[in-house]
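Analysis of the macromolecular model
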Amino acid sequence: MAVADAWHIVSNGAAPHKAARRLWPHYVHRVRTWLTAATPPSERAAVLATTHTRLFGALTDHTARSRIS
């Protein structure tokens, strides 16, 4: 997951702008996909909630692994 990778890069000491540069293409792709999707708005809310849950899980897992290392 691109956001979790960016989080990991910054938490390991890289400059935030380096992580943002790597994250940008993924962000643009997701926005383009979102805007051109044939998904009804009511379903988009569910997709957004699912994606948020996945992101939270990825960041939580990374934090837990970092504490173990």
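Residues numbered from 1 in each chain as written. Predicted model: local features only at pLDDT ≥ 70, side-chain atom pairs only at ≥ 80, totals over all residues. Heavy atoms only, no water.

**Looking at the overall build of the protein chain**
The helix and strand tally for the protein chain stands at three helices and zero strands. The buried share among the 69 residues of the protein chain stands at 12%. Of the roughly 5500 Å² of accessible surface on the protein chain, 64% is carried by carbon and sulfur atoms. (Helix = DSSP H or I, 4+ residues; strand = E, 2+ residues; numbered from the N terminus. Buried < 20%, exposed > 50% of the residue type's maximum accessible area, 1.4 Å probe, protein only. Areas by Shrake-Rupley, 256 points an atom, 1.4 Å probe, with all protein chains shown as cover.)

**Digging into the confidence of the model for the protein chain**
The predicted structure's coordinates, where accompanied by low pLDDT, should not be read in detail. On average, residues of the protein chain carry a pLDDT of 80, and 88% of them reach 70 or more. Helix H3 (residues 41-68) is the least confidently modelled element of the protein chain, averaging 78 in pLDDT, while helix H1 (residues 2-11) averages 84, the highest of any element. (pLDDT = per-residue confidence, 0-100.)

**Section: the environment of Leu 23**
Looking at where Leu 23 falls in the secondary structure, it is placed in helix H2 (residues 16-36). Residue Leu 23 is classed as partly exposed on the basis of its relative accessible area of 24%. Taking the C-alpha atoms as reference, Leu 23 lies 9.8 Å from Met 1; in sequence the two are 22 residues apart. In contact with Leu 23, other than residues within four places in its own chain, are Ala 2, Val 3 and Ala 6. (Contact = heavy atoms within 4.5 Å.)

**Concerning the layout of surface pockets**
By volume, the largest pocket is sized at about 690 Å³. Looking at the largest pocket, it is lined by 20 residues, and the ones nearest its centre are His 26, Arg 30, Val 31, Leu 48 and Thr 51. Mapped by element, the contributors of at least two residues to the lining of the largest pocket are H1, H2 and H3. At eight residues, the largest contribution of residues to the lining of the largest pocket is made by H2. A breakdown of the residues in the lining of the largest pocket according to their chemical character gives eleven nonpolar, six polar and three charged. (1 Å grid on protein atoms, 1.4 Å probe; cavity = no way out; pocket = protein on both sides within 12 Å on 5 of 7 lines; lining within 4 Å. Points joined across faces, edges and corners; volume = space filled by probe spheres on them. Nonpolar A, V, L, I, M, F, W, Y, C, P; charged D, E, K, R; others polar.)

**What about the packing of H1 against H2?**
At a minimum axis separation of 9 Å, H1 and H2 run at an interaxial angle of 170 degrees. One element, H1, and the other, H2, form an angle in the roughly antiparallel class. Seen from H1, the contacting residues are Ala 2, Val 3, Ala 6, Ile 9 and Val 10; seen from H2, they are Pro 16, Ala 19, Arg 22, Leu 23 and His 26. When grouped by side-chain class, the residues that make up the contact of H1 with H2 number eight nonpolar, one polar and one charged. (Axes fitted to C-alpha atoms, helices over the stretch in contact; angles between N-to-C directions. Parallel < 35°, antiparallel > 145°, perpendicular 65-115°, else oblique.)

**Section: a nonpolar patch on the surface**
A grouping of Trp 24, Tyr 27, Val 31, Trp 34, Leu 35, Val 47 and Leu 48 is seen on the molecular surface, where their side chains present a nonpolar patch of about 720 Å² in accessible area. Elements with a minimum of two residues in the nonpolar patch: H2 and H3. In terms of residue count, the dominant contributor to the nonpolar patch is H2 (five residues). Relative to the helices and strands, Leu 35 is located in helix H2. Assessed through its relative accessible area of 63%, Leu 35 is described here as exposed. (Patch = residues over 30% accessible without salt bridge, like charges linked within 9 Å, V, L, I, M, F, W, Y side chains within 5 Å. Salt bridge = Lys/Arg side-chain N within 4 Å of Asp/Glu carboxyl O.)

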